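Listed here are the chains, written in short residue letters.
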Amino acid sequence: MRKCSFAALRAAFPHTIPVLTGFTFLGLAYGILLAAHGFGPLWALATSLFVFAGSMQYFALGLLALPFDPVSVFLLTLTVNARHLFYGISMLEPLRSLKKPHPYLIFAMCDETFSLYCSAKEPEGVDREAFLLWIAALNQFYWVAASTAGGLIGSVLTFNTAGFDFVLTALFVVIFLGQWRDRPHRIPALAGLGSTTLCLMLFGAQDFLIPAMGLILMVLLLLRRPLEVQRKGEEAS
Amino acid sequence: MTALSSLQMAAFIAVMAAATVITRFLPFWIFPANRRIPGAVLYLGRVLPYAVSALLVVYCLKGVSIAAPPHGIPEAVSVLLIVILHGWKNNTLLSIAGGSFCYVFLIQTVFH
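Looking now at the overall build of chain B. A count of helical and extended segments in chain B gives four helices and zero strands. Starting at the N terminus and ending at the C terminus, chain B contains elements arranged as α-α-α-α. Its C-alpha atoms give chain B a radius of gyration of 20 Å, more than 25% over the compact-globule value 13 Å for 112 residues. Based on the C-alpha atoms only, the size of chain B along its principal axes is roughly 60 × 45 × 30 Å. Out of the 112 residues belonging to chain B, those deemed buried represent 44%. Expressed as a percentage of contacts within chain B between residues at least 6 apart in sequence, the contacts between residues at least 24 apart total 34%. Surface summary for chain B: the accessible area is close to 5500 Å², and the carbon and sulfur share equals 70%.

Turning our eyes to something else, we now look at the nonpolar core. One finds F23, L34, Y58, L64, L95, F131 and L220 of chain A to be the most contacted residues of the largest nonpolar core, which totals 103 residues. The dominant element in this core, judged by the number of residues it contributes, is helix α2 (residues 39-60) of chain B, at 14 residues. In terms of domain composition, this core takes at least three residues from each of domain 1 (5-156) and domain 2 (182-236) of chain A. Discounting chain neighbours no more than four positions away, the residues touching L34 of chain A are F39, W43, A44, T47, L61 and L64 of chain A together with M9 of chain B.

Contact with chain B, which involves 73 residues of that partner, is made by 93 residues of chain A. Summed over both partners, the interface of chain B with chain A buries about 7500 Å², with 79% contributed by carbon and sulfur atoms. The tally of links between chain B and chain A comes to one salt bridge. Across the pair E228 of chain A and R46 of chain B runs a salt bridge whose closest N-O atoms are separated by 2.8 Å. Applying the counting rule to chain B against chain A returns 20 residue pairs in polar contact (both at pLDDT 80 or more).

Moving on: the domain arrangement of chain A. The assigned domain composition of chain A is domain 1 (5-156) and domain 2 (182-236). Between domain 1 of chain A and domain 2 of chain A, the C-alpha centre-to-centre distance is 26 Å.

This paragraph deals with helix α4 (residues 92-110) of chain B. Residues separated by three or four positions in an α-helix point in the same direction, a consequence of the helix having 3.6 residues per turn. With 19 residues, α4 of chain B ought to run about 27 Å at 1.5 Å a step, and its terminal C-alpha atoms sit 26 Å apart, in line with that. Of the residues making up α4 of chain B, those classed as buried are S95, I96, A97, G99, S100, C102, Y103, V104 and L106 of chain B. Buried-residue contacts for α4 of chain B involve α1 (6-36) and α9 (166-180) of chain A together with α3 (73-89) of chain B.

Once that is clear, we can look at the confidence of the model for chain A. When pLDDT is averaged along chain A, the result is 88; 97% of the residues meet or exceed 70. Per-element averaging of pLDDT across chain A places helix α12 (residues 224-236) of chain A at the bottom with 80 and helix α2 (residues 41-50) of chain A at the top with 97.

Mean pLDDT over chain B: 89, with 97% of residues reaching 70 or higher. With a pTM of 0.77, the predicted complex shows an ipTM of 0.86.

All right, on to the environment of T113 of chain A then. Residue and element names in this part refer to chain A. Its place among the elements puts T113 in helix α7 (residues 111-119). Residue class for T113 comes out buried when judged on its relative accessible area of 0%. In sequence terms T113 and V19 are 94 residues apart; their C-alpha atoms lie 8.5 Å from each other. With residues up to four places along the chain from it excluded, the contact list for T113 reads A108, I135, A136 and N139. Among the polar contacts made by the side chain of T113, one reaches the side chain of N139 at a distance of 3.0 Å.

To continue, consider the environment of C60 of chain B. Of note, C60 of chain B is situated in helix α2. Once you skip the residues sitting within four places of it in the chain, C60 of chain B turns out to touch L168, T169 and F172 of chain A.

Each value, and the rule that gives it
- Residues numbered from 1 in each chain as written.
- Chains lettered and ligands numbered in written order.
- Predicted model: local features only at pLDDT ≥ 70, side-chain atom pairs only at ≥ 80, totals over all residues.
- Heavy atoms only, no water.
- Helix = DSSP H or I, 4+ residues; strand = E, 2+ residues; numbered from the N terminus.
- Rg over C-alpha atoms; globule rule 2.2 N^0.38 Å.
- Buried < 20%, exposed > 50% of the residue type's maximum accessible area, 1.4 Å probe, protein only.
- Contact = heavy atoms within 4.5 Å.
- Areas by Shrake-Rupley, 256 points an atom, 1.4 Å probe, with all protein chains shown as cover.
- Core = buried A, V, L, I, M, F, W, Y, C linked by side-chain atoms within 4.5 Å.
- Domains from an automatic or database assignment.
- Buried area = accessible area lost by both parts, 1.4 Å probe.
- Salt bridge = Lys/Arg side-chain N within 4 Å of Asp/Glu carboxyl O.
- Polar contact = N/O pair within 3.5 Å; in protein donor to acceptor, adjacent residues only side chain to side chain.
- Expected span 1.5 Å × (residues − 1).
- pLDDT = per-residue confidence, 0-100.

This is the structure in structure tokens:
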């Protein structure tokens, strides 16, 4: 790669340390669970390399014991990963500042990488694109390595894996809490919580995800005017 | 308990990969660099990530039943522990690991 200098790697690495610790834990648990379903380390490696969408990989575990239905796998993946559309929309403007963003930046944009794209700033003299590419590549490397290692461990040892999938819930709770600190964004967070809970009660656990996403879009668009006014007020003060 | 053959598993991964690529690239296909992004889309890009994390938390907890034992107690205790740990140390790994170990312990020993 043209600009992926060592300086950019050195600048990127410290930002990825929290992801390294989180992915080690989540990836190991994923590899162990996948092995418990009869698919060893090479399958964990392939999934983490080509799909690289942790939450979907966890959801997919639940489908492995069912007959394979490509259409519903496809639709479920679109649904679970629909939040990536939102990330993409958020990154349209920032990535436009790069002349021709490398496709890998978008391919590898998982939740954690997206949040680092938003928050991490490269030091003076380091190329922005190279810096972001290293963040994305390091994060995926951690995920692939940890899930493969989990697959190895899980093929050798047998665990009682009951409750392991709570790792995913814990991850999202922590992301939610981190965002909750960001006071101006509590209203969209509450809109998401309220809309989803309402749809869960109305449509039941099987069918609520798509209506919930529709309702969230509607509520947020209705709130656009007051929220934009509030934001402008905060920027001015 | 393997229900899928290797070939089916490979197809399973390919389908997930294709759908994931679509969700990640679609906004960039719809709005190439020379096309103006509407204000509503930019606004959604700013607020949606916050709403979506809430959606994912609810999605993860969708299977919890308050009516049937264990009445969502393991989930409630573990989520509460995460909230306390995170408010106290603000360390992502500590919060995730603490909550998960608590849940696995409750599920495997107290409520199994």
